[in-house]
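Architecture at a glance
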Amino acid sequence: MDHQRTGDVREAWGRVTAWLERHEPEVFASLGGPGSLAAVRDAESRMGVELTDELRQWLVSLDIDASRQPPAGSGPVELGGPDVLPSGGLLLGLGDIERVYLHKVAMEELSQSGDAEDPSWRREWVPIVSDTDGFHGTFVNTVTGVVGTWSEGEFPEEFEYPSLFAFFQDVADQLEGVSSGVWDGPGRARRLNPRPEDEPVRLWARANGYLVNDRGRIPADIRAEYKASQR
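Residues numbered from 1 in each chain as written. Predicted model: local features only at pLDDT ≥ 70, side-chain atom pairs only at ≥ 80, totals over all residues. Heavy atoms only, no water.

Remarks on the nonpolar core
Which entries qualify depends on this criterion: Here, nonpolar core means buried Ala, Val, Leu, Ile, Met, Phe, Trp, Tyr and Cys residues that are tied together by side-chain atoms lying within 4.5 Å of each other. Note on exposure labels: buried denotes an accessible area under 20% of the residue type's maximum, exposed denotes more than 50%, and partly exposed covers the range between, all computed with a 1.4 Å probe on protein chains only. A helix here means a DSSP run of H or I that spans at least four residues, while a strand means a run of E at least two residues long, and both kinds are numbered starting from the N terminus. We call two residues in contact when some of their heavy atoms are within 4.5 Å.
In terms of nonpolar packing, the biggest core is built from 47 residues, with Trp 58, Phe 167 and Phe 168 touching the most fellow members. Of the residues forming this core, the biggest block, 8 residues, is contributed by helix α7 (residues 164-176). In this view, Phe 167 contacts Leu 85, Ile 128, Val 129, Thr 138, Val 147 and Tyr 161; residues no more than four positions away in its chain are not counted. Within the second largest apolar cluster, 5 residues are counted, among which are Val 201, Trp 204, Ile 222 and Tyr 226.

Comments concerning the pattern of salt bridges
So the rule is basically this: Salt bridge, as applied in this entry: a Lys or Arg side-chain nitrogen positioned within 4 Å of an Asp or Glu carboxyl oxygen.
Per the stated rule, a full pass over the model turns up 10 salt bridges. Linking Arg 56 and Asp 53 is a salt bridge whose minimum nitrogen-to-oxygen distance equals 2.9 Å. Residue Arg 56 and its partner Asp 53 are located together in helix α5 (residues 53-61), separated by 3 residues, close to a single helical turn. Notably, a salt bridge pairs Arg 123 with Glu 109, separated by 2.5 Å at the nearest N-O pair. Of this pair, Arg 123 sits in the loop between α6 (94-110) and β2 (125-130) while Glu 109 is found in helix α6, placing the two residues 14 residues apart along the sequence. Overall, the relative accessible area of 46% leaves Arg 123 in the partly exposed class. By relative accessible area, Glu 109 is classed as exposed at 55%.

Structural notes on the packing of α5 against α7
Condition: Axis geometry follows a simple rule: fit a line to the C-alpha atoms, using only the stretch in contact for helices, then measure angles between N-to-C directions, giving values from 0 to 180 degrees. Throughout this description, any angle smaller than 35 degrees is read as roughly parallel, any larger than 145 degrees as roughly antiparallel, any in the 65 to 115 degree range as roughly perpendicular, and the remainder as oblique. Only Asp, Glu, Lys and Arg are considered charged, only Ala, Val, Leu, Ile, Met, Phe, Trp, Tyr, Cys and Pro nonpolar, and every remaining residue, Gly among them, polar.
For the pair α5 and α7, the least separation of the axes is 9 Å and the interaxial angle reads 50 degrees. Put simply, α5 runs oblique to α7. Of α7, the residues touching α5 (which contributes Glu 54, Leu 55 and Trp 58) are Leu 164, Phe 165 and Phe 168. For the contact of α5 with α7, a count of residues per class yields 5 nonpolar, no polar and 1 charged.

Quick word on the pairing of strand β5 (residues 157-161)
Applied cut-off: Whether two strands pair depends on DSSP finding at least two bridges between them.
Pairing analysis gives 2 bridges linking strand β4 (residues 147-151) to β5, with the strands arranged antiparallel. Looking at β5, one finds that Val 147 is bridged to Tyr 161. With antiparallel pairing between neighbouring strands as the criterion, β4 and β5 make up a hairpin whose turn holds 5 residues, including Gly 153 at a positive phi of roughly 85 degrees.

Side note on the sheet that holds β4
Taken together, the 5 strands give an open sheet; going across it, the order is β1-β2-β3-β4-β5, and neighbouring strands pair in antiparallel fashion. Looking along the sheet, the strands with just one partner apiece sit at the ends: β1 (90-91) and β5. In this sheet, β2 lies alongside β1 in antiparallel orientation, the contact comprising 2 bridges. Note that in β2 the partner of Leu 91 across the bridge is Val 129. Against the sheet, α6 contacts β2 and β4, and its axis sits at roughly 120 degrees relative to β2.

Digging into the packing of helix α4 (residues 37-47) against α5
Rule in force here: Here a crossing is called left-handed whenever its near helix is offset anticlockwise from the far helix by less than a right angle, and right-handed whenever the offset is clockwise.
One way to put it is that α4 packs onto α5 with a least axis distance of 9 Å and a crossing angle of 130 degrees. Between α4 and α5, the interaxial angle falls into the category oblique. Note on packing geometry: the crossing formed by α4 with α5 is right-handed. On the side of α4, the interface is formed by Leu 37, Val 40, Arg 41 and Glu 44, while α5 contributes Arg 56, Leu 59 and Val 60. Of the residues assigned to the contact of α4 with α5, the class counts are 4 nonpolar, no polar and 3 charged.

A closer look at the packing of aromatic side chains
Operational definition: Note on aromatic pairs: the rings of Phe, Tyr and Trp (six-membered ring only in Trp) are paired at centre separations within 6.5 Å, and the planes decide the class, stacked below 30 degrees, edge-to-face beyond 60, tilted for the rest.
Applying the stated rule across the entire model yields 10 aromatic pairs. Here Trp 121 and Trp 125 contribute two aromatic rings whose centre-to-centre distance is 5.6 Å and whose plane-to-plane angle is 85 degrees, an arrangement assigned as edge-to-face. Classification of Trp 121 by relative accessible area gives buried; the value is 4%. The exposure class assigned to Trp 125 is buried, which follows from its relative accessible area of 3%. Seen from their ring centres, Trp 121 and Phe 139 are 5.8 Å apart, and the 70 degrees between their planes marks the pair as edge-to-face. Here the residue Trp 121 occupies a position in the loop between α6 and β2, and Phe 139 occupies one in strand β3 (residues 136-141), the gap between them amounting to 18 residues. Phe 139 matches Trp 121 in its accessibility class, with the two residues each being buried. Each residue in the set Trp 13, Trp 58, Tyr 161, Phe 167 and Phe 168 is aromatic and connected to the rest through ring pairs, giving one cluster.

This is the structure we're talking about:
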């Protein structure tokens, strides 16, 4: 296997958390603590699926759900880590991973129009990013290790990244506004284009002496100051 698949996912995730600690301390502080391998194994047993080594390593190094209690009456995603990913969506901890996974499996089984050859969800797909209702997100294929995406009403894209390591490297690249050269596939190509709605914020920030780039996420404090300036 090449470097795209064998990099240490903890190193890639460390780049993400290092950037957040420097530029988004409130988001960094909201992240959970170390996970538990025993808890991961218990979740695997309940889901009936064996996670990849990469996914286990990430969940043990940091579980977003650690020491957090979900609110009553919430949807498939009860906690979720907002404001972590430049491309949007809630990064999932172990509890939310299990809830969204079981929700997607149940919905696929209940579907009257399910296509056995091309289903909307497969049991080997384990979600790592989702919206609150589970309508769209990102998953890891536990058989191949590749990272894909799903969206309600569209066919899933199964090969966005070759590994969880490559996925987090790209997240870190987006935050830092650099290219590590680890992965130049379809997932990265789509995410290199900045959101059009962010361009006024970038122009305002530059005019007011703030350092922002064309690919990394705009820090929350700059976005807040921009909104305040428009009132």
